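# Secondary and tertiary structure notes
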4 protein chains.
Amino acid sequence: MRIGFIGLGNMGAAMAANLLAAGHDVVAYNRSPQKVAALAEQGATAAESVRDAAQADVVVTMLADDNAVETVAFGGADPAEGLVAAMPADAIHISSSTISVDLAKRLAAAHAEARNQFVSAPVFGRPDAAAAAKLFVVASGAPAAVEAATPVFDAIGQRTFVVGDEPSAASLVKISGNFLIASVIESLGEAMALVGKAGVDKQQYLELLTSTLFDAPVYRTYGGLLVDEQFTPPGFAAPLGLKDVKLALSAGEELRVPLPVGSLLRDRFLTLLATGGGELDWSALGALPAWEAGAPHPA
Amino acid sequence: MRIGFIGLGNMGAAMAANLLAAGHDVVAYNRSPQKVAALAEQGATAAESVRDAAQADVVVTMLADDNAVETVAFGGADPAEGLVAAMPADAIHISSSTISVDLAKRLAAAHAEARNQFVSAPVFGRPDAAAAAKLFVVASGAPAAVEAATPVFDAIGQRTFVVGDEPSAASLVKISGNFLIASVIESLGEAMALVGKAGVDKQQYLELLTSTLFDAPVYRTYGGLLVDEQFTPPGFAAPLGLKDVKLALSAGEELRVPLPVGSLLRDRFLTLLATGGGELDWSALGALPAWEAGAPHPA
Amino acid sequence: MRIGFIGLGNMGAAMAANLLAAGHDVVAYNRSPQKVAALAEQGATAAESVRDAAQADVVVTMLADDNAVETVAFGGADPAEGLVAAMPADAIHISSSTISVDLAKRLAAAHAEARNQFVSAPVFGRPDAAAAAKLFVVASGAPAAVEAATPVFDAIGQRTFVVGDEPSAASLVKISGNFLIASVIESLGEAMALVGKAGVDKQQYLELLTSTLFDAPVYRTYGGLLVDEQFTPPGFAAPLGLKDVKLALSAGEELRVPLPVGSLLRDRFLTLLATGGGELDWSALGALPAWEAGAPHPA
Amino acid sequence: MRIGFIGLGNMGAAMAANLLAAGHDVVAYNRSPQKVAALAEQGATAAESVRDAAQADVVVTMLADDNAVETVAFGGADPAEGLVAAMPADAIHISSSTISVDLAKRLAAAHAEARNQFVSAPVFGRPDAAAAAKLFVVASGAPAAVEAATPVFDAIGQRTFVVGDEPSAASLVKISGNFLIASVIESLGEAMALVGKAGVDKQQYLELLTSTLFDAPVYRTYGGLLVDEQFTPPGFAAPLGLKDVKLALSAGEELRVPLPVGSLLRDRFLTLLATGGGELDWSALGALPAWEAGAPHPA
């Protein structure tokens with residue numbers, strides 16, 4: 001399959017490499033071209049522009065935020081340079097980054113009008129999981145398009161969950177999942193601040209949790225980062241965590257669903273950014289409860 | 001081993017039965033005697049008083065709250081009727097209910113003065129786990145006492161975690177664990193209110209979570225209760241959830257550790273109790289986000 | 001002075017009438033023309049379009065939200081129809097509604113480029129204060145423009161506060177003021193839920209507060225509405241309250257200032273809207289604490 | 001009138017001096033005797049013990065917290081040394097400090113049984129208001145007792161509000177009032193962090209607020225402290241603020257009234273105490289929002 005791939009950050013570069021490894025033709029584009037060169041050494045074709053990368057059966061975008069996806073999809077100053085206009089008829093745009101429900105709806109409408117296909121397929125997993133092709137893919141869109149995109153999902157992930165016919169559904173599920181991860185970081189941070197200040201060994205405490213009711217990757221991964229206070233280099237930087245919590249709050253505003261834990265997380269991330277933690281991993285959020293209890297700041 | 005057992009509620013009755021099944025002599029006491037009769041049919045000896053039950057190598061208490069434990073331990077109006085005074089020298093009092101850090105400290109001091117031993121050994125698990133001898137035991141106290149109490153732990157649980165020499169440590173860990181469970185209920189309730197109002201199937205959503213990062217008993221158990229809206233009969237009633245959150249907040253006050261998620265949970269439990277949910281399972285807390293978003297109240 | 005006036009809602013109609021009463025020529029425009037007719041009977045000239053109303057020394061906009069102001073200022077589909085393009089050179093656009101800091105900045109830049117002037121001058125006061133020309137005006141912008149706009153402020157308000165040279169400053173101050181009002185509604189609502197459930201008379205309680213430390217209009221006005229449970233017809237509807245709290249949160253995100261009370265208010269307003277209170281006065285927010293404590297819902 | 005006065009802190013010493021100035025006989029007791037000596041120079045009789053001070057028509061207690069009041073009232077180790085046992089029949093105990101609803105109920109019951117009278121009469125005002133006899137008194141109790149206590153209230157305050165027949169009512173109203181003050185400190189602190197970080201002058205901002213809707217002593221007093229960042233010496237120390245917020249939360253738990261702003265304040269005070277602010281005035285709470293936004297800590 002000929003696959004355009006746009007966005008070669010930590011996550012995207014690993015995903016594109018796995019598509020190559022699975023035997024696909026990958027035409028790669030990135031705003032800063034060095035990253036394209038690195039991938040070209042693994043066999044990818046370097047695209048000069050979004051329009052170049054758009055000439056494919058499937059185009060995957062893995063970009064930082066809504067703004068970046070909008071620019072790539074709609075072409076910024078020149079709509080003809082955007083994916084929506086440039087993709088061949090019936091080609092499929094797979095958006096794998098975490099985008100807002102609102103943008104997912106607008107992309108679905110624009111691609112439909114341009115007679116392309118749009119599938120929202122955000123992924124769960126940090127860069128190590130992306131490198132190992134162990135991501136979890138959450139996909140939604142027209143069933144035929146999702147079906148046709150399956151080889152892509154198989155190459156990058158360990159399992160795909162189809163959650164509906166509307167592309168926005170996958171975006172919302174992904175957003176809610178990141179909200180749940182952040183809520184684990186916060187509550188685990190509070191629990192560790194509490195038992196830690198009483199002298200309980202945090203490593204042992206985490207082992208107890210993850211041997212019993214909390215035996216899940218989310219507790220092992222983020223609990224481990226909290227115990228080790230290992231917040232740099234970031235696997236997923238704090239500003240991205242704030243972005244995703246804001247997407248959850250924004251979806252809640254649209255649907256009129258109050259999210260008090262989400263609101264707390266928003267304020268926590270702002271605190272983290274305002275006090276020097278803007279370049280830390282988002283798990284540093286979980287060090288703020290101890291900071292408020294008198295321990296040093298994580299930054 | 002001769003074991004006094006005081007407190008035959010849902011949890012205690014199952015634990016005492018497993019002690020019998022493991023071949024121990026159990027002398028059981030409960031404030032309402034019918035429950036003692038039921039256990040006597042399984043081979044227990046009925047005690048007429050706390051003082052009677054205290055004549056043992058080990059005495060386990062499994063009672064509703066601090067007040068109940070205090071009355072049993074210190075005898076209420078007549079100190080001579082309490083465990084502390086009535087237990088033989090060197091006998092071990094194992095407190096398996098969730099008690100405050102403060103009470104754990106007072107019990108440790110009182111038993112030390114009376115030349116008894118005190119081990120705090122609260123358990124994780126709902127009544128079905130208690131019946132199956134699958135509880136997780138968190139124990140702390142003098143090493144020799146904890147060692148001597150091991151046969152009791154083995155009979156009621158699947159694994160024991162020793163978290164320190166101070167009995168209050170196990171109480172704090174248990175309190176923090178219940179806080180973490182409640183925080184999962186709340187955040188999962190918020191996430192489900194969000195995706196549910198957008199039309200995503202909750203059962204499918206839960207399967208996605210528990211197949212990926214959230215593959216842990218706490219998400220399966222409480223997520224399942226939330227999907228099924230199955231809040232009655234209560235496995236662990238809402239007022240007990242409030243009690244435990246208050247214990248966490250109180251420990252935080254003592255240690256000067258703010259717990260914003262804990263504060264939210266406190267307010268949520270009060271709302272649940274004030275709006276007719278006092279007899280529901282504590283997982284009904286997770287239905288309040290949807291209620292605030294316009295869905296019916298869980299009660 | 002020739003004054004264009006755009007937006008004749010509860011507030012705007014009263015302000016325009018006071019401008020007429022002060023002897024100014026008012027050219028009025030409103031999307032639904034009936035309201036223009038009513039004002040024309042008091043002496044105003046009816047404008048057929050924004051462009052018509054723009055032919056003046058000063059143009060006041062008093063519109064519902066950022067979207068409405070953007071459309072009027074930038075003309076929507078046809079930029080030539082917007083205020084920015086249509087106003088004569090050196091004319092002054094006074095924005096009196098509560099708009100975002102971001103929009104205030106964009107308007108200031110656009111008007112500067114078009115060689116007009118822009119003053120942000122939001123007002124504090126409910127419709128009765130607008131009718132009585134007793135508003136408080138918070139103004140910021142280039143000193144000469146603010147000076148030139150003074151006759152307008154004098155006609156509609158009892159006092160004007162100039163808070164800086166940047167138009168966005170007045171918007172931020174106004175947003176923060178509405179945040180403070182909403183926080184009074186919430187905290188007073190909590191206090192009244194507490195003492196009210198204990199049997200203390202709420203009217204007497206409010207008198208005590210407003211005779212002592214809390215002797216301020218904000219407590220008298222909103223406390224009175226809470227005591228009387230008088231939430232309809234709305235003086236300032238709940239969705240507008242939500243809008244303003246979101247503006248405060250959004251300004252905080254831009255500046256990286258966490259606002260936990262603001263977050264609570266956001267969630268409260270969403271609850272109010274999701275549970276049937278969307279047409280109530282925003283003071284109904286203060287009835288939610290009692291609702292959560294078991295009292296009937298205000299809607 | 002012969003008045004026993006127990007508790008000569010910042011507030012109590014000033015109140016007792018005003019009772020002397022009004023011509024009453026004051027028999028003063030304080031745990032540390034130096035403060036009694038200072039008052040004796042103004043004409044008071046020094047009492048050697050609580051029992052001594054209890055020999056009066058009226059006994060006023062102005063003590064730090066529930067524990068101190070309990071010890072004085074019930075005599076600690078020796079009940080005969082407590083006020084309840086030692087006061088003559090029909091004498092009136094006036095409790096002027098902020099005590100819990102629960103303790104107010106227990107004191108009312110105990111005095112009734114001992115055939116004394118009990119009036120709860122907490123006061124609003126900081127030490128300067130106490131010195132100027134400008135306190136506001138909130139009183140409740142049996143009407144005859146409140147009537148008989150009026151000369152005391154007149155000597156220390158500018159106005160007395162009678163809020164019911166149950167002594168606990170005045171305690172609850174006072175607790176709720178301190179909650180409202182703390183909520184003003186918090187929300188004003190958030191608003192100032194927001195506008196201050198944007199460059200608005202805080203002094204000017206406060207003048208705007210207190211000239212308009214927020215024209216009340218609570219905004220002038222606490223806003224002034226926040227603008228000046230004048231948190232030491234404390235007029236009312238942070239740990240007392242925490243104590244009072246906990247009394248509000250505790251009253252809410254008893255009545256099943258959730259208080260989310262109260263919960264936020266609790267966590268804020270814990271943060272303040274845990275990060276070195278334990279000796280600051282409670283208004284330092286309002287500096288924490290700016291601290292979380294990157295400004296220096298107030299301690």
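Predicted model, so just to flag it, every value in this text is computed and none were measured.

### Brief notes about the confidence of the model for chain A
Taken over all residues, the pLDDT of chain A has a mean of 96, while the share at 70 or more is 100%. Taken together, the chains of this predicted complex give a pTM of 0.94 and an interface ipTM of 0.93.

### Re the sheet that holds strand β7 (residues 123-124) of chain A
Residues and elements named next belong to chain A. Read across the open sheet, the three strands follow the order β7-β8-β9; overall the sheet is mixed. The sheet is open, and its two borders are formed by β7 and β9 (157-162), each paired with just one other strand. Bridge analysis of strand β8 (residues 135-139) against β9 gives five bridges, and the strand direction is parallel. Counted as the bridge partner of L135 is G157 from β9.

### Re the interface of chain A and chain C
Each partner contributes to the interface: chain A provides 16 residues, whereas chain C provides 16 residues. Carbon and sulfur atoms make up 54% of the area that chain A and chain C hide from each other, which totals about 1400 Å². Where chain A meets chain C, there are four salt bridges. Notably, a salt bridge pairs C:R266 with A:E253, separated by 2.9 Å at the nearest N-O pair. Scanning the region where chain A abuts chain C turns up ten residue pairs in polar contact (both at pLDDT 80 or more).

### What to know about the pattern of salt bridges
Taken as a whole, this structure holds 44 salt bridges over all chains when the rule is applied. Among the salt bridges present, the one from A:R106 reaches A:D102, with a minimum N-O distance of 3.2 Å. One end of the pair, A:R106, and the other, A:D102, are both in helix α6 (residues 101-113), four residues apart, so they sit about a helical turn from each other. Residue C:R220 pairs with C:D215 through a salt bridge whose shortest N-O separation is 2.4 Å. The network of salt bridges with shared partners includes A:K246, A:R266, A:D267 and C:E253.

### Considerations on the UniProt feature "domain: 6-phosphogluconate dehydrogenase NADP-binding" (unreviewed entry) in chain A
The sites that carry the UniProt feature "domain: 6-phosphogluconate dehydrogenase NADP-binding" (unreviewed entry) are, in the present numbering, residues 2-164 of chain A. Measuring from the first to the last C-alpha atom of residues 2-164 of chain A gives 26 Å, for a span that is 42% helix and 23% strand.

### Things to note about the relation of the copies chain B and chain A
When chain B is fitted to chain A, the residual RMSD is 0.0 Å, and the transformation amounts to a turn of 180° plus an axial shift of 0.0 Å. With respect to symmetry, the two chain copies, as superposed, fit the operation of a two-fold axis. No C-alpha of chain B lies nearer the rotation axis than that of B:A216, which sits 2.4 Å from it.

### Let's talk about the relation of the copies chain A and chain C
Rotating chain A by 180° about the axis while translating it 0.0 Å along that axis superimposes it on chain C, leaving an RMSD of 0.0 Å. A share of 100% of interface residues in chain A that are also interface residues in chain C marks the association as one of identical surfaces.

### Brief notes about the packing of helix α12 (residues 238-255) of chain A against helix α13 (residues 260-274) of chain A
Residues and elements named next belong to chain A. Close contact between α12 and α13 brings their axes to 9 Å; oriented N to C, the two are set at 155°. One way to sum up the angle between α12 and α13 is to call them roughly antiparallel. The two elements α12 and α13 cross, and the hand of that crossing is left-handed. Contacts between α12 and α13 involve A238, P239, G241, L242, V245 and L249 on the former and, on the latter, G262, S263, L265, R266, F269, L270, L272 and L273. Each residue belonging to the contact of α12 with α13 can be placed in one class, and the counts come to ten nonpolar, three polar and one charged.

### What to know about the side chain of C:E186
Of note, C:E186 is situated in helix α9 (residues 167-197). Residue C:E186 is classed as buried on the basis of its relative accessible area, which comes to 0%. A distance of 3.0 Å separates the side chain of C:E186 from the side chain of C:R268, its partner in a polar contact. Every residue in contact with C:E186, bar those within four places of it in the chain, is listed here: C:L264, C:L265, C:R268, C:L285, C:P289, D:P260 and D:V261.

### What about the interface of chain B and chain A?
Residue-level contacts link 57 residues of chain B with 57 residues of chain A. Across the chain B to chain A interface the summed buried area is about 4700 Å²; carbon plus sulfur atoms make up 78%. The interface formed by chain B and chain A contains zero salt bridges. Where chain B packs against chain A, one counts 17 residue pairs in polar contact (both at pLDDT 80 or more). At the level of secondary structure, the elements contributing two or more residues to the side of chain B that touches chain A comprise β8 (135-139), β9 (157-162), α9 (167-197), α10 (202-211), α11 (217-228), α12 (238-255) and α13 (260-274) of chain B. With 19 residues, the single largest contributor to the side of chain B that touches chain A is α9(B). Partitioned by chemical class, the residues of the side of chain B that touches chain A number 39 nonpolar, nine polar and nine charged.

### Considering helix α9 (residues 167-197) of chain D
Residues and elements named next belong to chain D. End to end, α9 covers 46 Å across 31 residues, agreeing with the expected 45 Å (1.5 Å per residue, within 8%). When you tally the buried positions in α9, you get 29 out of 31 residues, the bulk of the element. Positive backbone phi, approximately 100°, marks G199, located one or two places after α9.

### Quick look at the domain arrangement of chain A
Residues and elements named next belong to chain A. According to the domain assignment, chain A consists of domain 1 (2-165) and domain 2 (173-293). Relative placement of domain 1 and domain 2: their C-alpha centres are 28 Å apart. With 14 residues of domain 1 at the contact, the number on the domain 2 side is 19 residues. Interface area for domain 1 against domain 2, summed over the two sides, is near 1100 Å², with a carbon-plus-sulfur share of 67%. Broken down residue by residue, the surface that domain 1 buries against domain 2 is led by T98, F124 and R126, which jointly contribute 53%. Put simply, domain 1 and domain 2 have one salt bridge between them. In this structure, the salt-bridge partner of R126 is D281, at a minimum N-O distance of 3.1 Å. Our count for the domain 1 to domain 2 interface comes out at five residue pairs in polar contact (both at pLDDT 80 or more). Its residues placed into classes, the side of domain 1 that touches domain 2 shows nine nonpolar, three polar and two charged.

### Notes on the pairing of strand β8 (residues 135-141) of chain C
Residues and elements named next belong to chain C. Within β8, seven of the seven residues are buried, which leaves it mostly tucked inside the rest of the structure. Residues of β8 alternate between two faces, with L135, V137, A139 and G141 on one and F136, V138 and S140 on the opposite face, all of them buried. Where strand β6 (residues 117-120) and β8 come together, two bridges link them in antiparallel fashion. Its bridge partner being in β8, S120 is matched across the sheet by S140. As judged from the two bridges shared by strand β7 (residues 123-124) and β8, these two strands associate in the antiparallel manner. Among the inter-strand pairings, V123 is bridged to a residue of β8, identified as V137. Each parallel crossover has a hand, and the one from β8 via helix α8 (residues 143-156) to strand β9 (residues 157-162) is right-handed.

### Observations concerning the UniProt feature "active site" (unreviewed entry) in chain A
Residues and elements named next belong to chain A. According to UniProt, the positions carrying the feature "active site" (unreviewed entry) are K174. Among the structural elements, K174 can be located in helix α9 (residues 167-197). Setting aside its immediate chain neighbours within four residues, K174 contacts T98, P122, V123 and F124.

### As for the environment of D:V72
The residue D:V72 is located in helix α4 (residues 66-74) in this model. In contact with D:V72, not counting residues within four places along its chain, are D:I6, D:V50, D:T61, D:L63, D:G82 and D:L83.

### Observations concerning the packing of aromatic side chains
Counted under the stated rule, the structure contains 24 aromatic pairs over all chains. Each ring, one from A:Y222 and one from A:W282, has its centre 5.9 Å from the other, and the planes form 80°; the classification is edge-to-face. Remark: A:W282 occurs in the loop between α13 and α14 (288-292) and A:Y222 occurs in helix α11 (residues 217-228); sequence separation between them is 60 residues. Here A:Y222 and A:W282 have matching classes, each one buried. Taken together, the ring pairs in this structure connect A:F214, A:Y219, B:F214 and B:Y219 into an aromatic cluster. The residue whose ring lies beneath B:K174 is B:F124, and the NZ or CZ to ring-centre distance is 4.4 Å.

Rules used throughout
Residues numbered from 1 in each chain as written. Chains lettered and ligands numbered in written order. Predicted model: local features only at pLDDT ≥ 70, side-chain atom pairs only at ≥ 80, totals over all residues. Heavy atoms only, no water. pLDDT = per-residue confidence, 0-100. Pairing = 2+ DSSP bridges. Helix = DSSP H or I, 4+ residues; strand = E, 2+ residues; numbered from the N terminus. Contact = heavy atoms within 4.5 Å. Buried area = accessible area lost by both parts, 1.4 Å probe. Salt bridge = Lys/Arg side-chain N within 4 Å of Asp/Glu carboxyl O. Polar contact = N/O pair within 3.5 Å; in protein donor to acceptor, adjacent residues only side chain to side chain. UniProt positions renumbered as here; feature names shortened; annotations may be inferred. Least-squares fit on C-alpha atoms with pLDDT ≥ 70 in both. Axes fitted to C-alpha atoms, helices over the stretch in contact; angles between N-to-C directions. Parallel < 35°, antiparallel > 145°, perpendicular 65-115°, else oblique. Left-handed = near helix turned anticlockwise from the far one by under 90°. Nonpolar A, V, L, I, M, F, W, Y, C, P; charged D, E, K, R; others polar. Buried < 20%, exposed > 50% of the residue type's maximum accessible area, 1.4 Å probe, protein only. Expected span 1.5 Å × (residues − 1). Domains from an automatic or database assignment. Right-handed = clockwise from strand over helix to strand, strands pointing away. Phe/Tyr/Trp six-rings, centres within 6.5 Å; stacked < 30°, edge-to-face > 60°. Lys NZ or Arg CZ within 6 Å of the ring centre and 35° of its normal.

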